Structures are given as C-alpha cells and as structure tokens.
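# Structural overview
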Amino acid sequence: MDLSSRTGLSQRDLYSHEIHDLKRSKPVIAVTMATSRQGYSVVKHLSKNDFFQIRAITRSPFTKRAELLAELPNVEIVKGDLLQRESLEKCFLGVYGVFGNTTPTKGWVLGRGSMVRDYELEQGRNLVDAVKKFANLGTLKHFVFSSVCKPKDPLNSQPAPGHFTSKWSIEEYILLNGLKELSTILRPVSYFENFDSDLPGVQISDSIFPGVVQEDKLWQTIAVDDVGLWTKAVFETPQKFLGEALNIAGEEMTGKDMAALWQEINGKKSPSVRYAMIPRQLMNFIEHDIALMASWIERAGYGADLKTLRALADELGITMTPLSCWLTQKISTRTTQKRLRGIDLKRRFIPAT
Ligand SMILES: NC(=O)c1ccc[n+]([C@@H]2O[C@H](COP(=O)([O-])OP(=O)(O)OC[C@H]3O[C@@H](n4cnc5c(N)ncnc54)[C@H](OP(=O)(O)O)[C@@H]3O)[C@@H](O)[C@H]2O)c1
C-alpha cells in the first residue's frame, strides 16, 4: 500500500511536504495553538537551539501574532484547525514530535460564559486521533500534551471546573489509545500572566494585586514562559520523559504574600498594596468555570511538588522564573507601555520575552 492510501492524504499534499522535508534534516516538531501564550513560549524556546524545525500551527497565518512567530529562527507557519482533523493530519505529516494544546474558550455568551468543556474535548479527540495515525505509521515519536495540574489530594478533587476535567479526559483518551509510551503529559498551574490581564480590575496597579482565590489560601502559579522551558527540556531528553506526566509550577504563595512581594518590588510607588479578590459572585456571573476553579484551588489545590521540580530543573539546566523576577520585568514593560501611550497596545500581542 502506498503512503497516500495509508495516510488518506492526496498525492499533492504528500508531494508538497516531501519536497519540503528533503530540504532539511532536522526533526520537525508541530506546535498546536502556536499563537497562544503557551504556544508562543513553546515555539520560542524550541526554536532557540537550532536542533528542531518548528511547524507553528494557527488557524490564521497572516495575523500579527503569526508574524511574530515567523520572525523566530527555524519556524514555519502552517494553517491548521483543531476542530478539523484532516487539517491537523496535513500539519503532522513527517513530524518527529507534536506539542498539543487545546482550548475551552469558545466565545462569551450571556449565562454560559466562554468556557465549554465539549468544545475542548472535540479538539482533544481530533488531536489524539491525528497523533495516533502518525504514531502507527512510525513517523511520530514523541507527543507532548499540555494538560492542567492535578490536585494535591485526588480524593478531594470534585467538583472540578469543566476546563480542567476536559484536559484530564483527554489524558485518559491518550492512554485509551495506547499512546502512553510515546507521550509526555505536562500539567501547568495558573499563569502569573493572569494577574495582569486586559480585564478591568484584573491588573496589577501601584496599590492593588488582583486575584480570584481567597487571600490566605496557598496558590501555585507559573510564568507561561516556563511552560516553553519545560517543553524544550522534555523534547531534548525524551528518554527521561517518555511515558511520564509532570505537574509544573514556579511558586506557591498566598495572595497576601504576593501583594507584599509586589509592594517590596515596586518600592516607593507602592507604599501600601492590597490583595483584591474578585468577588466570587461576580466571577460566577462573568465566568462560572473560573469561579468554580477558584473554589477548587482553595479546597483541593494544585499538586505540583516544587521541591522535586527545583531539583529536576537544576539537573536539566532549567532556570525557573520566580514571581519576583516576573514582577520586576513587569515594571520595565510598564515603562515602555507608558512611552508608547496612544498606540493601541491591547490589539498587539506582547509575548513574554
Ligand atoms: N490561563 C492559565 O492560567 C492557564 C493555566 C494552565 C493551563 N491553561 C490552558 O492553556 C490553554 C491555552 O491557554 P492560553 O491562555 O495560552 O491561550 P490563549 O493565549 O488564550 O490563546 C488561545 C489560542 O487558541 C487558538 N485556537 C482557538 N481555537 C482553535 C482551534 N479550533 N484550532 C486551533 N487553534 C485554536 C488561537 O489560535 P489562532 O486563532 O491563531 O488559531 C489562540 O492562539 C488553555 O487550554 C488553558 O485552559 C491556562
């Protein structure tokens, strides 16, 4: 049986990819949702060492975000949609590895919010089915799926938010399809970046440090850039990570402590910083699943083992980003933003550096 019948792809599709692949000898890694915050950090770090060729997947290759990715070395932009399995199959043709990420964010609707579990499950099914196809053909050797951190105490996990259980169900689907041995599951906790979103009242200011969790509850967080660092390490040391799952975090602090840290870092500009929790009822109205997530973090809590992670990071040469560094960097970004006042920055994608 020829490759066209085995893959179900046309001769034309195969031909264009084969010609492409002959020109390079580097292993190719396809990154789904490459324009997302997580995707950008993954593409950025993988592109650095000149070892891999990165196929950055987006639904819209001509956006500003895609342009920023295209400026990175060893990166090609390809069009693909997680909701269309055939488009993923074209993107995965000839790849050595896949970084897979899915999104629950379907778009905001009054009474429903924006996060839809089934929307993410559909993407997960397409992603895993496409991975399986190329794993069976023997071309795809390593699949990294980015899920979300599991709880400290698994018996205290329910009710969990739909955009968590969707990712854990996709993990199960990976196992069910016999893909464990060629997969690595990475499970990040909440991003630092959530503290500085575009939403009014959810931005760090000189007097406020915002959050969704009660001020005295421990909350594990991570710089989104560190997801890229861990992913690079996973692809570079497959023998250590194939068949494994790893909860990843950078910090574990209470909201109160994070506000105090910001006060210290911002110096005279912040003589007193208050941790401001977005009222749960308001959150429940705006995005029910985030309100549920906040209650889950307070009750069950993310279960990353920071001590073990720090030791592993040392072994692999990963410099994890402490919240203090991220906040310090925030100050310099703010100065730049002030200088650029008048330019519509909200519409620009400002990736983590
Ligand atoms: N926020 C957190 O604290 C946190 C923590 C852990 C895990 N996560 C999870 O990480 C994932 C990514 O979040 P993020 O904040 O990094 O994403 P993001 O910046 O909000 O980006 C969303 C991306 O999804 C892509 N996308 C949407 N629908 C798609 C589809 N049908 N096919 C392909 N791409 C599609 C879009 O790319 P194009 O428009 O270019 O195609 C866009 O780049 C989510 O599942 C989230 O739940 C988030």
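## A short note on the overall build of the protein
- Along its length, the protein carries 14 helices and 14 strands.
- Per-residue burial over the protein gives 41% buried out of 353 residues.
- Considering only intrachain contacts with a sequence separation of at least 6, the fraction spanning at least 24 residues in the protein is 76%.

## Here we look at the packing of helix α5 (residues 85-92) against helix α6 (residues 117-137)
- For the pair α5 and α6, the least separation of the axes is 9 Å and the interaxial angle reads 40°. When the axes of α5 and α6 are compared, the pair comes out oblique. Between α5 and α6 lies a crossing of right-handed hand. Across the interface between the two elements, Arg-85, Leu-88, Glu-89 and Phe-92 from α5 touch Asn-126, Leu-127, Asp-129, Ala-130, Lys-133 and Phe-134 from α6.
- Taken together, the residues of the contact of α5 with α6 break down into 5 nonpolar, 1 polar and 4 charged.

## Some words on helix α8 (residues 224-236)
- Between the first and last C-alpha of α8 there are 19 Å, a value that for 13 residues agrees with the 18 Å anticipated at 1.5 Å per step.
- Counting buried residues in α8 gives 11 out of 13 residues, a clear majority hidden from the surface.
- For α8, the set of buried residues is Val-224, Asp-225, Asp-226, Val-227, Gly-228, Leu-229, Trp-230, Thr-231, Lys-232, Val-234 and Phe-235.

## Quick word on the confidence of the model for the protein
- For the protein, the average pLDDT comes to 90, and 88% of its residues sit at 70 or higher.
- Between residues 14-20, whose pLDDT stays under 50, and residues either more than four places distant or in other chains, the model counts 5 contacts.
- Considering only residues more than four positions removed or in separate chains, one finds that residues 339-353, a stretch of pLDDT under 50, has 13 contacts.

## Notes on the site of the ligand
- Around the ligand sit 23 residues, and of these Ser-36, Arg-37, Thr-58, Arg-59 and Leu-82 come closest.
- Secondary-structure elements contributing two or more residues to the shell around the ligand are α3 (37-48) and β9 (190-191).
- The residue inventory of the shell around the ligand, partitioned by class, reads 7 nonpolar, 13 polar and 3 charged.

## Some details on the packing of α6 against helix α7 (residues 162-176)
- Where α6 meets α7, the axes come as close as 9 Å, and the angle between the chain directions of the two elements is 20°. In terms of axis orientation, α6 runs roughly parallel to α7. Here α6 and α7 pass one another in a crossing that is right-handed. Contacts between α6 and α7 involve Arg-117, Glu-120, Leu-121, Gly-124, Arg-125 and Val-128 from the former and Gly-162, His-163, Thr-165, Ser-166, Ser-169, Ile-170, Tyr-173 and Ile-174 from the latter.
- Split by residue class, the contact of α6 with α7 holds 5 nonpolar, 6 polar and 3 charged.

## Some details on the sheet that holds β9
- With mixed pairing, 3 strands are arranged side by side in an open sheet as β9-β11-β13. Sheet topology places β9 and β13 (251-253) at the edges, where each strand pairs with a single neighbour.
- As judged from the 3 bridges shared by strand β11 (residues 219-222) and β13, these two strands associate in the antiparallel manner. In the sheet register, Thr-221 faces β13, and the bridge partner there is Glu-251.

## Remarks on unusual backbone geometry
- For the bond running from Gln-158 to Pro-159, omega is -5°, close enough to zero to count as cis.
- Within the secondary structure, Pro-159 is located in the loop between β7 (142-146) and α7.
- Phi at Asp-50 takes a positive value of approximately 65°, unusual for a residue other than glycine.
- Of note, Asp-50 is situated in the loop between α3 and β2 (53-58).
- The exposed category is assigned to Asp-50, around which 9 C-beta atoms lie within 10 Å.

## Focus: the nonpolar core
- Core analysis: the largest hydrophobic core is formed by 83 residues, its most contacted members being Ile-29, Ala-30, Val-31, Val-43, Ala-56, Phe-92 and Val-131.
- Beyond its immediate chain neighbours, meaning those up to four positions away, Ala-30 contacts Arg-55, Ile-57, Cys-91, Phe-92, Val-95 and Val-98.

## Notes on the sheet that holds strand β1 (residues 28-31)
- Strand order in the open sheet formed by 7 strands is β3-β2-β1-β4-β7-β8-β12, with parallel pairing between adjacent strands. In the strand order of this sheet, the two ends are held by β3 (75-79) and β12 (245-248), each with one partner. Sheet twist, expressed as the average angle between the axes of neighbouring strands with direction ignored, equals 20°.
- Two elements, β2 and β3, share 5 bridges in a ladder whose sense is parallel. Of the residues in β3, the one forming a bridge with Ile-54 is Val-75.

What counts and how
Residues numbered from 1 in each chain as written. Predicted model: local features only at pLDDT ≥ 70, side-chain atom pairs only at ≥ 80, totals over all residues. Helix = DSSP H or I, 4+ residues; strand = E, 2+ residues; numbered from the N terminus. Buried ≥ 20, exposed ≤ 12 C-beta atoms within 10 Å, placed from the backbone. Contact = placed C-beta atoms within 7 Å. Axes fitted to C-alpha atoms, helices over the stretch in contact; angles between N-to-C directions. Parallel < 35°, antiparallel > 145°, perpendicular 65-115°, else oblique. Left-handed = near helix turned anticlockwise from the far one by under 90°. Nonpolar A, V, L, I, M, F, W, Y, C, P; charged D, E, K, R; others polar. Expected span 1.5 Å × (residues − 1). pLDDT = per-residue confidence, 0-100. Near = placed C-beta within 6 Å. Pairing = 2+ DSSP bridges. Core = buried A, V, L, I, M, F, W, Y, C linked by C-beta atoms within 7 Å.

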